[in-house]
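# Reading the structure
Listed below, chain by chain, are the residues.
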Amino acid sequence: MQERESFEDYTVGERLVSPARTITESDVVNFAMITGDWHPIHIDKEYAGKSSFGQRIAHGMLTMSLGGSLCMWMGPNTFSPKSFIAFLAMDEIRMKNPTFIGDTIHWEGEVVGLEPKSNGRGVITYACEVKNQRDEVCASYVQKILVGRRDESEPAR
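Conventions used here
- Residues numbered from 1 in each chain as written.
- Predicted model: local features only at pLDDT ≥ 70, side-chain atom pairs only at ≥ 80, totals over all residues.
- Heavy atoms only, no water.
- Helix = DSSP H or I, 4+ residues; strand = E, 2+ residues; numbered from the N terminus.
- Buried < 20%, exposed > 50% of the residue type's maximum accessible area, 1.4 Å probe, protein only.
- Polar contact = N/O pair within 3.5 Å; in protein donor to acceptor, adjacent residues only side chain to side chain.
- Contact = heavy atoms within 4.5 Å.
- Patch = residues over 30% accessible without salt bridge, like charges linked within 9 Å, V, L, I, M, F, W, Y side chains within 5 Å.
- Areas by Shrake-Rupley, 256 points an atom, 1.4 Å probe, with all protein chains shown as cover.
- Salt bridge = Lys/Arg side-chain N within 4 Å of Asp/Glu carboxyl O.
- Core = buried A, V, L, I, M, F, W, Y, C linked by side-chain atoms within 4.5 Å.
- Pairing = 2+ DSSP bridges.
- Phe/Tyr/Trp six-rings, centres within 6.5 Å; stacked < 30°, edge-to-face > 60°.
- Lys NZ or Arg CZ within 6 Å of the ring centre and 35° of its normal.

## Section: the side chain of Lys131
- Among the secondary structure elements, Lys131 is positioned in strand S5 (residues 121-131).
- For Lys131, a relative accessible area of 10% puts it in the buried group.
- At a separation of 3.3 Å, a polar atom in the side chain of Lys131 contacts the side chain of Glu108.
- Setting aside its immediate chain neighbours within four residues, Lys131 contacts Thr104, Ile105, His106, Glu108, Glu136, Val137 and Cys138.

## Comments concerning a nonpolar patch on the surface
- A contiguous nonpolar patch, built from Met61, Phe84, Phe87, Met90, Ile93 and Met95 and spanning about 530 Å² of accessible area, is present on the exposed surface.
- For the nonpolar patch, the element with the highest residue contribution is strand S3 (residues 84-95), accounting for five residues.
- Mapped onto the secondary structure, Met95 falls in strand S3.

## Observations concerning the nonpolar core
- Phe79, Trp107, Ile124 and Tyr126 are the most contacted members of the largest nonpolar core, which totals 25 residues.
- Counting residues per element, the ones that place at least two in this core are helix H1 (25-35), helix H4 (60-69), strand S4 (104-116), S5 and strand S6 (137-148).

## Here's the deal with the pairing of S6
- Burial within S6 is extensive, with 11 of its 12 residues counted as buried.
- Here S3 pairs with S6 via eight bridges, running antiparallel. Note that in S6 the partner of Arg94 across the bridge is Ser140.
- Across 11 bridges, S5 lies against S6 in antiparallel orientation. The residue bridging Glu129 from the neighbouring strand is Ser140, located in S6.
- Where S5 folds back onto S6 in an antiparallel hairpin, the turn is made up of five residues, including Asp135, whose phi is positive at roughly 65 degrees.

## Digging into the packing of aromatic side chains
- What the rule picks out here adds up to three aromatic pairs.
- Both rings, one in Phe79 and one in Trp107, keep their centres 5.6 Å apart while their planes meet at 90 degrees; by these two values the pair is edge-to-face. In this pair, Phe79 is assigned in the loop between H4 and S3 and Trp107 in strand S4, connecting sequence segments 28 residues apart.
- Here Trp107 and Tyr126 contribute two aromatic rings whose centre-to-centre distance is 6.0 Å and whose plane-to-plane angle is 65 degrees, an arrangement assigned as edge-to-face. Residue Trp107 is located in strand S4, and its partner Tyr126 is located in strand S5; the two are separated by 19 residues in the primary sequence.
- Judged by relative accessible area, Trp107 falls into the buried class, the value being 0%.
- A connected cluster of aromatic rings, assembled from ring pairs, spans Phe79, Trp107 and Tyr126.
- The aromatic ring of Tyr10 is capped on one face by Arg4, whose charged end is 4.5 Å from the ring centroid.

## Considering the environment of Ile57
- Tracing the sequence through the fold places Ile57 in the loop between helix H3 (45-49) and H4.
- Given the relative accessible area of 11%, Ile57 is considered buried.
- Ignoring any residue separated from it by four or fewer positions in sequence, one finds Ile57 in contact with Ile41, His42, Pro98, Thr99 and Phe100.

Dropping the structure here:
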């Protein structure tokens, strides 16, 4: 995918799809260690086997963290342009289906808003989904990033 420089290099309706990654037991255990979330639904095979899921599930925020970062695997300046300034917001977060150890997830995003701002900046809004290998949505959210705009004297690319 082509790298982008600035706000003007995006269009509303544009869709991006990341490469995929398999969730491992190590991912779940390491996430539990980092966050302190040792709920048995994540780390106790016997406990989780008796749950409504029938097996261990990945933490919702692990799915969000790993799934949401897969957009960076498309290239450093595909999801966000070279003029990236800041992550602004993540809204409407929903966990829709469990992510199991062994599931392969990917990220899909659609540009749903482009809002020019003052001082040579703009906000790109994405509607995002993290999906598994069965194309089920595991998590969804709306994300906003602040980026630089092209100088008006520069030609469009």
